[in-house]
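Residue-level structural notes
What follows is the residue order along each chain.
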Amino acid sequence: MGTPSSIQSMETLYGYRLVVASPDLPGHLQSFVARLPPGSGWTIDRVIDELTLFRYFTAFQPPHVIHQVGAAMRQGVTGGMLLRLGIAAFRLGRITRLRFCPACLVEVKRRYGEAYWRRCHQLPGVLVCPVHGRPLKASAVSLTGLGRHIYVAADRRTCPIDSPDLVDAHDQPLLTTLKRLARTSGGLLDKSRPIKTGQEWTQHYRGSLLRTRLALSSGRVDQRGLERAFFESYAG
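Notes on the structure follow. From a predicted model like this one, the values you see are computed outputs, not experimental measurements. (Residues numbered from 1 in each chain as written. Predicted model: local features only at pLDDT ≥ 70, side-chain atom pairs only at ≥ 80, totals over all residues. Heavy atoms only, no water.)

1. Overview of the overall build of the protein
Within the protein, the regular secondary structure consists of ten helices and two strands. From first element to last, N terminus to C terminus, the protein shows the α and β order α-α-α-α-α-α-β-α-β-α-α-α. For the protein, the C-alpha atoms occupy an extent of roughly 65 × 45 × 30 Å along the three principal directions. Looking at the protein as a whole, 36% of its 236 residues qualify as buried. Taking contacts inside the protein between residues at least 6 apart in sequence as the whole, the part at least 24 apart equals 64%. Approximately 14500 Å² of the protein is accessible, and the part contributed by carbon and sulfur atoms is 54%. Averaging the positions of the 32 positive and the 17 negative side-chain charges in the protein gives two centres separated by 3 Å. (Helix = DSSP H or I, 4+ residues; strand = E, 2+ residues; numbered from the N terminus. Buried < 20%, exposed > 50% of the residue type's maximum accessible area, 1.4 Å probe, protein only. Contact = heavy atoms within 4.5 Å. Areas by Shrake-Rupley, 256 points an atom, 1.4 Å probe, with all protein chains shown as cover. Lys, Arg positive; Asp, Glu negative; His and termini not counted. Charge placed at Lys NZ, Arg CZ, Asp CG, Glu CD.)

2. Things to note about the pattern of salt bridges
Side-chain pairs of opposite charge can arise whenever the charged atoms involved come near each other. Enumeration according to the criterion identifies five salt bridges in this entry. Between R46 and E50 there is a salt bridge, with the nearest N and O atoms lying 3.2 Å from each other. Of the two residues, R46 and E50 both sit in helix α3 (residues 44–51), four residues apart, roughly one turn of that helix. Overall, the relative accessible area of 33% leaves E50 in the partly exposed class. Residue K137 is joined to D165 by a salt bridge in which the shortest nitrogen-to-oxygen separation is 2.8 Å. (Salt bridge = Lys/Arg side-chain N within 4 Å of Asp/Glu carboxyl O.)

3. Points about the nonpolar core
The biggest cluster of nonpolar side chains holds 36 residues, and the ones touching the most others in it are L25, F54, F57, V69, M73, M81 and L85. Per-element tally for this core: the top contributor is helix α5 (residues 63–75), with five residues. Apart from residues no more than four positions distant in its own chain, M81 is found in contact with L25, V69, A72 and M73. Core analysis: the second largest hydrophobic core is formed by six residues, F100, V108, A115 and C159 among them. (Core = buried A, V, L, I, M, F, W, Y, C linked by side-chain atoms within 4.5 Å.)

4. Brief notes about the pairing of strand β2 (residues 137–142)
Of all six residues in β2, five are buried; the element is thus mostly enclosed. Relative to β2, strand β1 (residues 97–100) runs antiparallel, the two being bridged by three bridges. Residue pairing for β2: F100 is matched across the bridge by K137. (Pairing = 2+ DSSP bridges.)

5. Examining the environment of S22
Secondary-structure assignment places S22 in the loop between α1 (6–14) and α2 (29–34). When its relative accessible area of 16% is taken as the criterion, S22 is described as buried. Polar side-chain contacts of S22 include one of 3.3 Å to the backbone nitrogen of L25. (Polar contact = N/O pair within 3.5 Å; in protein donor to acceptor, adjacent residues only side chain to side chain.)

Shown next, in the form of structure tokens:
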């Protein structure tokens, strides 16, 4: 749009200059949608569901937390949201550098005329592309080193082909396991997933443990058996 600075771009997009360019849980989305051209087809719910990591970070949250986080992203009052979701104590944490798959960049550039950052590549713990099964690469875009009000496109400059792989590209068993994890993680972005309370999730997993004989009807869990089964399932 020809704006000379990132601050003015933020004002154009949101009506407020100090909006933080968050790659996962952005705020002020109601103001953003209100400024889109008429007939764009983008609603506030569609933006949250299809362009953010809202579904991933709220996948196992109770309904009232999901409502609170969604309201915060609409209104822009996102202070304390990471603590509310438990992300601040999450062992993997949020990514610190945007990631990309070279094969995906080629495909979307051919299809749409320009590349873009894929959400499923930016999920914590996802190290390979869930589509191609190849290692993701670390882009030149550091989320801690750039200004808080800057948007950066996915192009040859930010996604150089010689960027380092996140994992060993020659370890096929590891890549197979990581692809399965990537697909499972990406599935959390699906908006059709059922919303459950904490008690309902407890019943769900307790039932699974009972069916696999890793728990007794009394509720006691075979911790050693569960640990062994977990590592056997995910041992690349």
